Number of protein chains: 2
Amino acid sequence: MSRFLSREAARLAPYVPGEQPGGGFIKLNTNENPFPPSPAVLAAVTEKAGGLNLYNDPSCAALRAALAAEYGLAPAQVLPANGSDEALAFALRAFCGAGRPLAFADVTYGFYEVWANFFGFEAQRIPLAADFTLRPKDYFGLGCTIVLANPNAPTGLALPPEEIGRIAAANPDNVVIVDEAYADFAPQSCLGLLGRHPNLLIVRTFSKSRSLAGGRLGFALGSEELIACLARVRDSFHPYNVNTLTQAAGIAALADREYFARCLADVCATRRWAAGALAALGFEGTDSAANFVFVRHPALPGREIAAALRARGILVRRWDAPRIADWLRISVGSRPQMQTLLAALADILHTSPKEA
Amino acid sequence: MSRFLSREAARLAPYVPGEQPGGGFIKLNTNENPFPPSPAVLAAVTEKAGGLNLYNDPSCAALRAALAAEYGLAPAQVLPANGSDEALAFALRAFCGAGRPLAFADVTYGFYEVWANFFGFEAQRIPLAADFTLRPKDYFGLGCTIVLANPNAPTGLALPPEEIGRIAAANPDNVVIVDEAYADFAPQSCLGLLGRHPNLLIVRTFSKSRSLAGGRLGFALGSEELIACLARVRDSFHPYNVNTLTQAAGIAALADREYFARCLADVCATRRWAAGALAALGFEGTDSAANFVFVRHPALPGREIAAALRARGILVRRWDAPRIADWLRISVGSRPQMQTLLAALADILHTSPKEA
């Protein structure tokens, strides 16, 4: 380790993102949308590129207005960021610190723990049940800031909004952050709770459901009080964090409702079909409400399946982590991509898919 | 202040960026380039927009290769970021902390102090001389991480590279960060020092000289050791920080050398001309090597001049800060913008410009 590194930087434990290889792979490892962004995004980006010599609007006024209208909120209840990762990082800096630890599930998005190290506050891991379900009562009266991915990653399991509402009500002096990165693929969201719980913050992303992973756009929704806290953090780190093209892409993606609905319906239908086909191959899986499935096979360790898929040009995600080392998180790609996946799995398992 | 805010977030002192009004102003307040980005940028962005459903390359391999080739370095000596502000923030987290304060000039880029608050390390302000020049000896053997804007902002004054080299040599156990946001407009840069000083880090931006302020692209250059430290910080905060379109825009802007040279020559010629015309109006100014001038007038306080310009639709930058409260930082805009500025100033000063 470099002698120049500060102690604070030396103790960091960087996140390891899913592979982003140059090409030639069927990428089912980072939950990307198989559909390109709306054509309106292309038009918006092309229109704005000539003005890039001027700074982007640091207040993101037009984008905030569009998001506020979409979700029935005031613009001051919205804060866009350079991906939902940045929105989450701002929220954790705003609401966690010495004497204010962060609580989250033992199986969830791995970055929460990385940010705890980054900002130097304590993390409290709360075990999920054996079937990966979350017991709301475990979170009542914790005295911590809480972050819940809902649907959870990598399990895909979603808690009904009323359960999240009970957690928020049982922690009135602490902020409850709901990471809804995958909520557009789920039957319900916590948006309806915002009016009732001033301590509830929802973080969302354009990466998955709106096909803008490479555009980097996330946002937080909450009470004006909480959003002002996030803005305070952003303005102490990088006020110009969302560039001009990304702001324009976000507005255009939001406006094309029909395209959004069509892509969403396709991904959800493919998820149902793929989950059934995987079950037919002997996989067991969670009841995922996200744009991925989370499965394991009784006959082969996850590591072996992932390696065999990789050898066949297909990437899926797995972790060397307690409880989930045998599980695979497989993004819902296009129908042809999933057919290729199923054929490869059938080959690996020396059987044939029931219907592909 | 919100009761939900952590102590760490409560003590932040957010940066106040220059105004970014919707339109109708001649904006000479945030050092934007008056020329649009290269047409190659427009083409690159349009080409890449259709693939935004896929994540950007977190390693920025192609952009790093292009920057490395441009500056005669290895790709592992380059780290792009979401604006040079983010690159600077990563560097300060990497190299500052408890027992490792940050030293910088009392008159310099205001964000250094904001980041000291953000990360919770100490800041040591070192006064410039009365004429705003920096005395290298003040920085010898400090035992601090050092950040020097060169040319400095908002004074525009540049230290010769050999003086920076002496500072780096006199602090072999600490990192010296040179913020070269404006170096393309200056006669010299510290790039040639990189091979000699493993503790030297240079941070640059596409915002000013390459007309990409709204695209958000900055980068750090240094030894592989220092760059690895920055990557460690980035990967603990947001590994996907530079989006696909910005990476493509950067590569295209770098490739169009002729356009770059032409814009640069125009801005520098306009700076010389405007500085002379301002002197003819009675302004005194620094010998700026940046894309702005830094001036004051003996007859009128800076605050009054700025307000009078604003009333005439022209924005310039000033600060309510010790030593510089009477000074104005005026970006070098297009020739017609500067003519409008000079006519307005002549009007404000009840005289007429010698040559406009």
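Given the structure is predicted, the values throughout are model-derived calculations rather than measurements. Within every chain, residues take consecutive numbers counted from 1 along the sequence as written. To label them, take the chains in the order written and letter them from A, then take the ligands in the order written and number them from 1. Side-chain atom pairs in this predicted model are given and counted only at pLDDT of 80 or more, local residue features only at pLDDT of at least 70, and totals for whole chains, interfaces and linings cover all residues. Side-chain measures were taken over the full set of non-hydrogen atoms in the model, leaving aside hydrogen atoms and water.

Q: Where do I start with the overall build of chain A in this structure?
A: Think of it this way: any DSSP run of H or I at least four residues long counts as a helix, any run of E at least two long counts as a strand, and we number them from the N terminus. Looking only at helices and strands, chain A has 11 helices and 12 strands in total. The globule rule is 2.2 Å times the number of residues to the power 0.38, and the radius of gyration it is compared with is taken over C-alpha atoms. At 20 Å, chain A has a C-alpha radius of gyration in line with the 21 Å of a compact globule built from 356 residues. Once the C-alpha set of chain A is aligned to its principal axes, its extents read approximately 55 × 50 × 50 Å. By residue count, 63% of the 356 residues in chain A fall in the buried class. Every residue pair with non-hydrogen atoms within 4.5 Å of one another is taken to be in contact. In chain A, of all internal contacts separated by at least 6 residues, the share reaching a separation of at least 24 is 72%. Residue-level accessible areas treat just the shown protein chains as cover; the underlying method is Shrake-Rupley with a 1.4 Å probe. As displayed, chain A has an accessible area near 12,400 Å², and 54% of this comes from carbon and sulfur atoms. Side-chain charges of chain A comprise 33 positive and 32 negative groups, with the mean position of each set lying 3 Å from the other. Each residue is placed in one exposure class: buried if its accessible area under a 1.4 Å probe, protein chains only, is under 20% of its type's maximum, exposed if it is over 50%, and partly exposed if it falls in between. A residue counts as positive if it is Lys or Arg and as negative if it is Asp or Glu; His and the chain ends are not included. Charge positions come from single atoms, namely NZ of Lys, CZ of Arg, CG of Asp or CD of Glu.

Q: Just to check I follow, could you spell out the confidence of the model for chain A for this structure?
A: One rule of thumb: low pLDDT means the predicted coordinates there are not for detailed reading. Residues and elements named next belong to chain A. You can read pLDDT as the predictor saying how much it trusts each residue, on a scale of 0 to 100. Here chain A averages 96 in pLDDT, and 98% of its residues register 70 or above. Here residues 352–356 is a poorly scored stretch, pLDDT under 50, and it has 10 contacts once near neighbours within four places are set aside; other chains count. This prediction of the complex comes with two scores: 0.96 for pTM and 0.96 for ipTM.

Q: Explain the interface of chain A and chain B to me, please; I cannot follow it from the model alone.
A: As a measure of interface size, the accessible area lost when the parts come together is often cited. Residue-level contacts link 84 residues of chain A with 84 residues of chain B. What counts as buried area is the accessible surface, traced by a 1.4 Å probe, that two parts surrender upon association, with contributions from both included. At the boundary of chain A with chain B, total buried surface from both sides reaches about 7,000 Å², with 58% on carbon and sulfur atoms. Contact with chain B buries area across many residues of chain A, yet A:Phe4, A:Tyr55 and A:Phe237 alone supply 13% of it, more than any other trio. What counts as a salt bridge is simple: a side-chain nitrogen of Lys or Arg found within 4 Å of a carboxyl oxygen of Asp or Glu. Joining chain A to chain B, the criterion identifies two salt bridges. The partner of A:Arg3 in a salt bridge is B:Asp173, with the nearest N and O atoms 2.9 Å apart. Among the elements of the structure, helix 1 (7–10), helix 2 (39–48), helix 4 (84–95), helix 5 (111–119), helix 7 (224–234) and helix 8 (244–255) of chain A are those that each provide at least two residues to the side of chain A that touches chain B. Counting residues per element, the side of chain A that touches chain B draws most heavily on helix 4 of chain A, at seven residues. When residues are grouped by polarity, Ala, Val, Leu, Ile, Met, Phe, Trp, Tyr, Cys and Pro land in nonpolar, Asp, Glu, Lys and Arg in charged, and all others, Gly among them, in polar. Along the lines of polarity and charge, the residues of the side of chain A that touches chain B split into 45 nonpolar, 24 polar and 15 charged.

Q: What exactly am I supposed to notice about the side chain of A:Ser38 here?
A: Residue and element names in this part refer to chain A. You can see Ser 38 is positioned in the loop between strand 1 (26–27) and helix 2. In protein, a polar contact requires one atom able to donate a hydrogen and another able to accept it; more generally it is a pair of N or O atoms within 3.5 Å, and residues adjacent in sequence count only if both atoms are side-chain atoms. Within the structure, Ser 38 has its side chain in polar contact with the side chain of Asp 256 (distance 2.7 Å). Those residues in contact with Ser 38 that sit more than four places away from it in its chain are Asp 256 and Tyr 259.

Q: Can you help me understand helix 5 of chain A in this one?
A: Since one α-helical turn is 3.6 residues long, residues separated by three or four positions face the same way. All names here are of chain A. Most of helix 5 sits out of view: seven of its nine residues are buried. Turning to helix 5, its buried residues are Phe 111, Tyr 112, Val 114, Trp 115, Ala 116, Phe 118 and Phe 119. Positive phi shows up at Gly 120, right after helix 5, with a value of about 75 degrees.

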